[in-house]
Amino acid sequence: MKTSYHTILVVDDNPAILTAVKICLDGVFQRILMLSDPEQILATLNQEAVDIILLDMNFGMGVNSGQEGLLWLNAIRKRHAHIPIVLVTAYADVKLAVRGLKNGAADFVTKPWDNDELIRVLKDAIDRNDTVASLEQMETEHVRKVVDRCHGNLSRAAELLGISRQTLYSKLKR
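Everything numeric in this text was worked out from a predicted model, so none of it was measured.

Calculation criteria
- All residue numbers refer to position in the chain's written sequence, counted from 1.
- Local features in this predicted model are restricted to residues whose pLDDT is 70 or higher, and side-chain atom pairs enter the listing and the counts only when it is 80 or higher, whereas totals over whole chains, interfaces and linings include all residues.
- Where side-chain values are given, they derive from all heavy atoms of the structure, hydrogens and water being excluded.
- The pairing criterion for strands is at least two bridges between them, as found by DSSP.
- Strands here are runs of E lasting at least two residues and helices are runs of H or I lasting at least four, both read from the DSSP assignment and numbered beginning at the N terminus.
- Axes, fitted as lines to C-alpha atoms, cover a helix only where it is in contact. Angles between the N-to-C directions of the axes lie from 0 to 180 degrees.
- Should any heavy atoms of two residues lie within 4.5 Å, those residues are considered in contact.
- Between Lys or Arg on one side and Asp or Glu on the other, a salt bridge is scored when a side-chain nitrogen of the former is within 4 Å of a carboxyl oxygen of the latter.
- To sort residues, take the accessible area from a 1.4 Å probe on protein chains only and compare it with the maximum for the residue type: under 20% means buried, over 50% means exposed, and anything in between is partly exposed.
- Call a crossover right-handed when, viewed with both strands pointing away from you, the route from the first strand across the helix to the second goes clockwise.
- As used here, the term nonpolar core means buried Ala, Val, Leu, Ile, Met, Phe, Trp, Tyr and Cys residues forming a set that is joined through side-chain atoms within 4.5 Å.

A look at the sheet that holds strand β2 (residues 29–35)
- Read across the open sheet, the 5 strands follow the order β2-β1-β3-β4-β5; overall the sheet is parallel. Each edge of the open sheet is held by one strand with a lone partner, namely β2 and β5 (107–110). Recorded for the sheet is a direction-independent mean angle of 20 degrees between the axes of neighbouring strands.
- Relative to β2, helix α1 (residues 15–25) is tilted by about 175 degrees, and along the sheet it contacts β1 (5–11), β2 and β3 (52–56).

Rendered as structure tokens:
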């Protein structure tokens, strides 16, 4: 486990939350970047080396569906897939958390959070991200994701992977 964590990007439209996170994470991260406008995320990531992102799920008054957070999660993952993203929301919703995790979030935290728990979740996400997977592990994970995306249709999965069904069967048996 690392002892020094460099840069976190925190994205939340609530200034009080940004202040609380800054106080909580001061001393844990060397740099804490704060954004209240999610429209600035991609530009910031193009200019800054970020180790992790803490991303609010809802932006805008009265909106609590989490759809904005999922939209930004997907936009970030497309361009910066190597950066772990921890989602945060005041509206604890198991289905929303599962959707976020399936879409590539490293973890999910609810407001109000326990400071020690928030720090642990962020550190764990960075440490897991630093672990190098073997090529075989990556291939197996990719094959399983394609099969899942094809809802178990092995013919379609093999076609998408550019391999024969027989080769797909042997990869799934490993």
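Looking at the pattern of salt bridges
- Throughout the structure, instances matching the rule amount to 7 salt bridges.
- Notably, a salt bridge pairs K111 with D12, separated by 2.8 Å at the nearest N-O pair. Within this pair, whereas K111 is found in the loop between β5 and α5 (115–130), its partner D12 is found in the loop between β1 and α1, the two being separated by 99 residues in sequence.
- For D12, a relative accessible area of 1% corresponds to the buried category.
- Between R120 and D124 there is a salt bridge, with its nearest N and O atoms 2.6 Å apart. Pair noted here: R120 and D124 are both in helix α5, with a separation of 4 residues, about one helical turn.
- Residue R120 is classed as partly exposed on the basis of its relative accessible area, which comes to 38%.
- Taking relative accessible area as the criterion, D124 reaches 21% and is therefore assigned partly exposed.
- Bridged by salt links that share partners, the residues D12, D56 and K111 form one connected network.

Describing the environment of V88
- Assignment of secondary structure puts V88 in strand β4 (residues 85–89).
- Note: C-alpha distance between V88 and V11 (77 residues apart in sequence) is 9.5 Å.
- Excluding residues that lie within four positions of it along the chain, V88 makes contacts with L54, L55, D56, M57, V109, K111 and W113.

Section: the side chain of H80
- Relative to the elements of secondary structure, H80 occurs in the loop between α3 (67–79) and β4.
- When residues no more than four places from it in sequence are discounted, the contact partners of H80 are L42, L45 and N46.

Some words on the pairing of β2
- In terms of strand pairing, β1 meets β2 through 6 bridges, oriented parallel. Paired with Y5 across the bridge in β2 is F29.
- In the classification by handedness, the crossover that spans β1, the intervening α1 and the parallel β2 is right-handed.

Side note on the nonpolar core
- Ranked by internal contacts, the top residues of the largest apolar core, which has 24 residues, are L9, I41, I53 and L55.
- Those elements that place two or more of their residues in this core are β1, β2, α2 (41–47), β3, α3, β4 and α4 (94–102).
- Examining the composition of this core, we find that 5 residues originate from one element, α3, more than from any other.
- Residues in contact with L9, not counting those within four places in the same chain, are L33, L35, I41, T44, L45, V50, I52, I53 and L54.
- In this structure, I8, V28, L118 and I126 belong to the second largest nonpolar core, which totals 23 residues.

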